[in-house]
Amino acid sequence: MATPSATTAEITLYDVIDPLWGISAVSIRQQIKAIPATVKTIRVRINSPGGSIFDGTAIFNQLRSHPARKIVTVDGLAASIASVVAMAGDEIEMGEGAYMMIHDPLGYVRGAADDMRDMGDLLDKMKGQLVGIYARRTGRDAAEIDAMMGDETWFTATEAVDAGFADRTVPGLALAASFDASRFRFVNCPPILKGKDMSNKTDTTKPATVAELKAALGSDCPSDFLINALERELTVAEAQSEFISHLKATAKKQPKIGIAPIPSNGYGSEDGDPIAVWNAILHGYAREGIKEGKAMSRAVREHPQEHREYILAWNRSHGRRSADLPARYPGE
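Residues numbered from 1 in each chain as written. Predicted model: local features only at pLDDT ≥ 70, side-chain atom pairs only at ≥ 80, totals over all residues. Heavy atoms only, no water.

## Quick notes on the overall build of the chain
We count it as follows: Secondary structure elements are taken from DSSP: a helix is a run of H or I of four residues or more, a strand is a run of E of two residues or more, and numbering for both begins at the N terminus. To sort residues, take the accessible area from a 1.4 Å probe on protein chains only and compare it with the maximum for the residue type: under 20% means buried, over 50% means exposed, and anything in between is partly exposed.
Scanning the chain for helices and strands turns up twelve helices and seven strands. Burial status across the chain gives 45% buried among its 332 residues.

Written out as structure tokens, the structure reads:
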């Protein structure tokens, strides 16, 4: 937290929202408790891909209950539960080139059929709560919000304002984010967030150059789209927005091609990486048009051994052993 002035304090959420690996509700609570009573305005700056729904919801409620006026600025990315935290603002700003994303809550469970059904019921309840938060902030119908979440909807800064998720855009970098959002397996992730350099200083008020468009849209962008964008003198932000719409439209026309093949050695790479094979399985479901939550459940059911190997490899890579894990995860 920035050192508060007599009447203003700042809280920064520039990480994953997670009680173990990132920003936790406890850490935010400590920052809020340290704010002097003289502070009348809290500025909250967000650049986060989301994370734990419980910690994120707790942070939202902590901010909402504080008597100071909250001004939220999305500097780069407010995705998933981080977008819910943003809704705590009395005023919400989107930096130029920033993104906001809403989607259905996800959960992982291991157990019998009743455990699976219980998790499904819990996720439905969670979604109902989140729909209410978005609907109250935007003034939109709950059914419309429900559909947006189901489609994993990404908003540019301007689109977020138009949809009621933010109040205004503010000048800034073309993109201030620092996350490779593709590693979170979002379905409709904009190309610019897939491992690109997020620190460019492109002037977003001028027509984009070829180099700027290639950097912003990635190698997947077809040449005819680039030529069209140049001829129409689109800005980077305008081109990004249209390219996202283009990808969504073309994705719906793609045939279902099934799960990506698994090499005969049972792994996803020559050095035997179970994380790679698990990602390949999930990618295969995604190419079928199956949403992430359903894809994960189906993959766990249809590929239990690969799932186990993935969990063990992931925990080893993060320095965790089975004794540190919740009971719902398989042990070593």
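## Regarding the layout of surface pockets
Put simply, the test is: Cavity and pocket criteria rest on a 1 Å grid covering protein atoms alone: a 1.4 Å probe that fits but cannot get out defines a cavity, protein on both sides within 12 Å along at least 5 of 7 lines defines an open pocket, and an atom within 4 Å of a point defines a lining residue. Grid points are joined across faces, edges and corners, and a volume is the space filled by probe spheres set on the points. Residue polarity is assigned by list, with Asp, Glu, Lys and Arg as charged and Ala, Val, Leu, Ile, Met, Phe, Trp, Tyr, Cys and Pro as nonpolar; anything else, Gly included, falls into the polar class.
Estimated volume of the second largest pocket: approximately 200 Å³. Along the wall of the second largest pocket there are 14 residues; nearest its centre are Glu96, Gly97, Ala157, Thr158 and Ala237. For the lining of the second largest pocket, the element with the most residues is helix H9 (residues 236-251), which contributes four residues. A breakdown of the residues in the lining of the second largest pocket according to their chemical character gives four nonpolar, eight polar and two charged.

## Digging into a negative patch on the surface
This is how it is decided: A patch is a set of surface residues, each over 30% in relative accessible area and not in a salt bridge, joined within 9 Å for like charges and within 5 Å for the nonpolar side chains Val, Leu, Ile, Met, Phe, Trp and Tyr. Note that accessible areas follow from Shrake-Rupley with a 1.4 Å probe, and for residues the cover is restricted to the protein chains shown. Throughout this description, the term salt bridge denotes a Lys or Arg side-chain nitrogen within 4 Å of a carboxyl oxygen of Asp or Glu. Note that His is not counted, nor are the chain ends; the positive residues are Lys and Arg, and the negative ones are Asp and Glu. Every charge is mapped to an atom, namely NZ of Lys, CZ of Arg, CG of Asp or CD of Glu.
The grouping of Asp115, Asp118, Asp121 and Asp124 at the surface amounts to a negative patch. Relative to the elements of secondary structure, Asp115 occurs in helix H4 (residues 113-138). In this structure Asp115 comes out as partly exposed when scored by relative accessible area, which is 33%.

## What about unusual backbone geometry?
A positive phi is found at Glu152, a non-glycine position, where the angle reads about 50°. Secondary-structure assignment places Glu152 in the loop between helix H5 (142-150) and strand E6 (153-156). Residue Glu152 is classed as buried on the basis of its relative accessible area, which comes to 5%. The phi torsion at Glu233 lies on the positive side, around 55°, for a residue other than glycine. Tracing the backbone shows Glu233 in the loop between helix H8 (223-231) and H9.

## Here's the deal with the packing of aromatic side chains
Here is the rule we go by: Think of it this way: a Phe, Tyr or Trp ring, Trp meaning its six-membered ring, pairs with another when their centres are within 6.5 Å, and the plane angle makes it stacked under 30 degrees, edge-to-face over 60, tilted otherwise.
Considering all chains together, one arrives at three aromatic pairs under this definition. For the pair Tyr99 and Trp154, a centre-to-centre distance of 6.4 Å together with 75° between the ring planes defines the contact as edge-to-face. In this pair, Tyr99 is assigned in strand E5 (residues 99-102) and Trp154 in strand E6, connecting sequence segments 55 residues apart. On the basis of an interplanar angle of 35° and a centroid distance of 4.8 Å, the ring pair of Phe155 and Phe165 is categorised as tilted. Taken together, the residues span a long stretch of sequence, with Phe155 in strand E6 and Phe165 in the loop between helix H6 (157-162) and strand E7 (168-170) at a distance of ten residues. The class of Phe155 is buried, set by a relative accessible area of 6%. Site record: aromatic cluster; members linked through ring pairs are Tyr134, Phe155 and Phe165.

## Thoughts on the confidence of the model for the chain
The condition that has to hold: Each residue carries a pLDDT score, the predictor's own confidence in it, on a scale running from 0 to 100. When checking whether two residues touch, look at their non-hydrogen atoms; a contact exists if any pair is within 4.5 Å.
Looking at the chain as a whole, its pLDDT mean stands at 77, while 72% of the residues score no less than 70. The least confident element of the chain, judged by mean pLDDT, is H9 at 70; the most confident is helix H3 (residues 81-86) at 96. In this model residues 321-332 is a low-confidence stretch, pLDDT under 50, and it forms 19 contacts with partners more than four residues away in sequence or in other chains.

## Some thoughts on the pattern of salt bridges
Within the structure shown, the criterion is met by twelve salt bridges. In this structure, the salt-bridge partner of Asp90 is Arg64, at a minimum N-O distance of 3.8 Å. Placement of the pair is Asp90 in the loop between H3 and strand E4 (91-95) and Arg64 in helix H2 (residues 53-65), with a sequence separation of 26 residues. The class of Asp90 is partly exposed, set by a relative accessible area of 31%. Overall, Arg64 belongs to the partly exposed group, its relative accessible area being 41%. Asp146 is paired through a salt bridge with Lys127; the nearest N and O atoms lie 3.3 Å apart. Of the two residues, Asp146 is situated in helix H5 and Lys127 in helix H4; the sequence distance between them amounts to 19 residues. Beyond isolated ion pairs, a larger network of salt bridges with shared partners links Arg43, Arg69, Glu91, Glu93 and Arg168.

## Digging into the packing of helix H1 (residues 25-33) against H2
Our working rule: Only C-alpha atoms enter the line fits that serve as axes; for helices the fit covers just the stretch in contact. Angles between N-to-C directions range over 0 to 180 degrees. Between 65 and 115 degrees an angle is taken as roughly perpendicular, under 35 as roughly parallel, over 145 as roughly antiparallel, and anywhere else as oblique. Handedness of a crossing is defined here by the sense of rotation of the near helix relative to the far one, left-handed for an anticlockwise turn of less than a right angle and right-handed for a clockwise turn.
For the pair H1 and H2, the least separation of the axes is 9 Å and the interaxial angle reads 15°. Judged by the angle between their axes, H1 and H2 are roughly parallel. Pair H1 / H2 crosses with right-handed handedness. Where H1 abuts H2, its residues Ala25, Ile28, Arg29 and Ile32 lie against Asp55, Ala58, Ile59, Gln62 and Leu63. A breakdown of the residues in the contact of H1 with H2 according to their chemical character gives six nonpolar, one polar and two charged.

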